[in-house]
Amino acid sequence: MGHDEIPWQDVLFEGFEVLVTAALHGVCGLVVRLTGRSCAGVCPSCGQASARVHDRYERRLQDLPLTGRGVRILLSVRRFVCAEQSCSRRTFAEQIPGLTSPYARCTDRLGELLDRIALALAGRAGARMATALGLTAGRMGLLNRVRAMPDPLYDTPRVLGVDDFATKRGQSYSTVITNGETHQVIDVLPGRDAGPLTRWLTDHPGIEVICRDRSGAYAEAARAGAPHAQQVADRFHLWQNLGQAVEKCVTAHRDQLSAITPPPKRETTAQEADGAPRSAVSDTAPAGRLAERARAHHALVHGLLSEGMGLRAITRHLGWGRHTVRRYARAARWQDAVTGRHARTSRLDVHRADLQRRIDATDGAITVKELCAELTAQGRPVPYTSLRDWARSRLEWPAAQARPPAPPSVRKVTGWLTRRPSSLDEDEHQQLKAVLNACPELARAHQLVRDFGDMLTQQTGVLLPAWIEDATAANLPGLTGFARGLTGDLDAVTAGLTLRWSSGGTEGAVNRIKKIKRQLYGRAEFELLRKLILLQ
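Within each chain, residues carry numbers counting from 1 in the order of the written sequence. The predicted origin of the model limits local features to residues at a pLDDT of at least 70 and limits the giving and counting of side-chain atom pairs to 80 or more, whereas totals for whole chains, interfaces and linings rest on all residues. Side-chain measures were taken over the full set of non-hydrogen atoms in the model, leaving aside hydrogen atoms and water.

So, the confidence of the model for the protein: which residues are in play, and what are the values?
Mean pLDDT for the protein: 80, with 85% of residues reaching 70 or above. Here residues 1-20 is modelled with pLDDT under 50, and outside its nearest four sequence neighbours on either side it reaches 49 contacts, counting other chains as well. One number per residue, pLDDT, summarises how confident the predictor is, and it ranges from 0 to 100. Only heavy atoms matter for contacts: two residues are in contact if any of them lie within 4.5 Å across the pair. Contacts for the low-pLDDT stretch residues 266-284, under 50 throughout, to residues beyond four places or in other chains number 16 contacts.

What follows is the structure, given as structure tokens:
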């Protein structure tokens, strides 16, 4: 295939004078030929210059695309013989700083772009993005670039955050370590046992504060690896554990909840919302999506009538049939328009008297399916679906008895006890009051929860021993065990309720890790996942 030669100017790369010639191909894009003209090369091992040429070869380098076309550089490279006899390297190839790297098949600037794509999108998504940009990059090539990147270097932080996350939920977990002040991820360790964290803390002395959850393995690792560091139990996990204890307490008293009948909620009907008096509304008023649509159409037609529009103008404006517009216009209420539509005669009206007597005789216990079977047995078969729709609007059925409101569930009562009082509405306050009046044990649990919440928000951890004594003396299921469990980690819990440090930044890092896991679809090994977490 023919091509046009385009002469380029000489380019100087830090002492390397390079002759550039470009060839524009119709399909392949732009091919650039570079020939180095430096007088000598520098050995990368010993740093000695050498002008003795051993041989020459050609490198093919992919570069950034130009105007949507791919660019490939054909670089003529010389290999020099090292003049230093004691050097272990006998020959070496010349490099152009800022353009080439050893063993690379692309230029340095293209490599930086591919590194960014690999970190942001990982394998398959990164390969699709590279193709859209006019680059050639496979998914495994991008992941291998991530594996080859060096780990970022961080100074040992003063405040450390430690938490676990699932690499395979329910089966394998890992540990993430963050800087408690900047919330940056410092390292990721395999597993959530005490051993890896202990070795990491031993290799990084100088940590003063360790924020962690209430895991016994992390507490043991902190005592062994950083015995002088102040351990801080996270407030979020403390409140979460308290909520679990409250749920156990409510579950133990669920028999008393079954006797509580919450006050029924008064619901405003659609007719009352329209302003119609309750005496004018029939008990058998239609309901459902069709009724909602009829109400909206009735209001729309009467609104246009009030603006002075005629029926023909409304018909043209809405695009409806003139009979439909006339029906809504003549109806004083939207119910009249609906019932008027259903007032048409039906071939099933001949069965009305017999079917109504059967319904009255059984006090509404008979079903439409049974009525259809009886008509068929009498030699008067009718389609079931037609009879069902007709019976709903034409026959009178006894009103079903309203079910009494169900007692509050365990989860709902637990939420009332552990939520802020300001977040409860008036109805929830009334139901919570009824629960506390019916069960003195839950009233005591409610007071303990409020006291613990005050300690947590006001950071008054000095009151924790007195609270533990009160909770232990109350002898409540769940809460008493929670209070006794705090004594085994009293110093860390007291620090968590007193100091300003928490694991909030670490929890945010765990959420970002979940996003990275979704990019890899759970098929990446631990080392690749660790690289992406540290470098993103």
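Before we move on, can you summarise a positive patch on the surface with the specific residues and values?
The grouping of Arg169, Lys514, Lys515 and Arg518 at the surface amounts to a positive patch. Under the scheme applied here, a residue whose accessible area is under 20% of the maximum for its type counts as buried, over 50% as exposed, and between as partly exposed, the area being computed with a 1.4 Å probe on protein chains only. A relative accessible area of 77% places Arg169 in the exposed class. Surface patches are defined over residues having more than 30% relative accessible area and no salt bridge, joining like charges when they lie within 9 Å and nonpolar side chains (Val, Leu, Ile, Met, Phe, Trp, Tyr) when within 5 Å. Note on areas: Shrake-Rupley with a 1.4 Å probe; residue coverage comes only from the protein chains shown. Basic side-chain nitrogens of Lys or Arg form a salt bridge, by our definition, when they fall within 4 Å of a carboxyl oxygen of Asp or Glu. Charge counting follows a simple rule: Lys and Arg are positive, Asp and Glu are negative, and His as well as the terminal groups are ignored. Taken as the charge location is NZ of Lys, CZ of Arg, CG of Asp or CD of Glu.

Talk me through the environment of Thr100; I want residue IDs and the actual numbers.
Of note, Thr100 is situated in the loop between strand S9 (91-93) and helix H1 (108-121). On the basis of relative accessibility, which here comes to 7%, the residue Thr100 falls in the buried class. Spatially, the C-alpha atom of Thr100 lies 9.7 Å from that of Leu75, the residues being 25 residues apart in sequence. In this view, Thr100 contacts Arg59, Leu61, Leu75, Gln95 and Asp108; residues no more than four positions away in its chain are not counted. Comment: elements are numbered from the N terminus, with helices defined as DSSP H or I runs of at least four residues and strands as E runs of at least two.

Which residues make up the packing of aromatic side chains, and what are the values?
The pairing test for Phe, Tyr and Trp rings, Trp by its six-membered ring, is centres within 6.5 Å, and the orientation test on the planes gives stacked under 30 degrees, edge-to-face over 60, and tilted for anything in between. For the structure on display, the rule yields six aromatic pairs. Ring plane angle 80 degrees and centroid distance 6.1 Å describe the contact between Trp467 and Phe482, whose orientation is recorded as edge-to-face. Linking Trp467 in helix H19 (residues 464-474) with Phe482 in helix H20 (residues 479-487), this pair joins segments that are 15 residues apart in sequence. Each member of the pair, Trp467 together with Phe482, is buried. Every member of this aromatic cluster is reached through a ring pair, and the members are Trp239, Phe452, Trp467 and Phe482. A ring is scored as having a charge over it whenever the NZ atom of a lysine or the CZ atom of an arginine sits within 6 Å of its centre and within 35 degrees of its normal. A cation sits over an aromatic face here: Arg192 above Tyr173, 3.7 Å from the ring centre. Between Arg500 and the ring centre of Trp501, over which it is positioned, the NZ or CZ distance is 3.9 Å.

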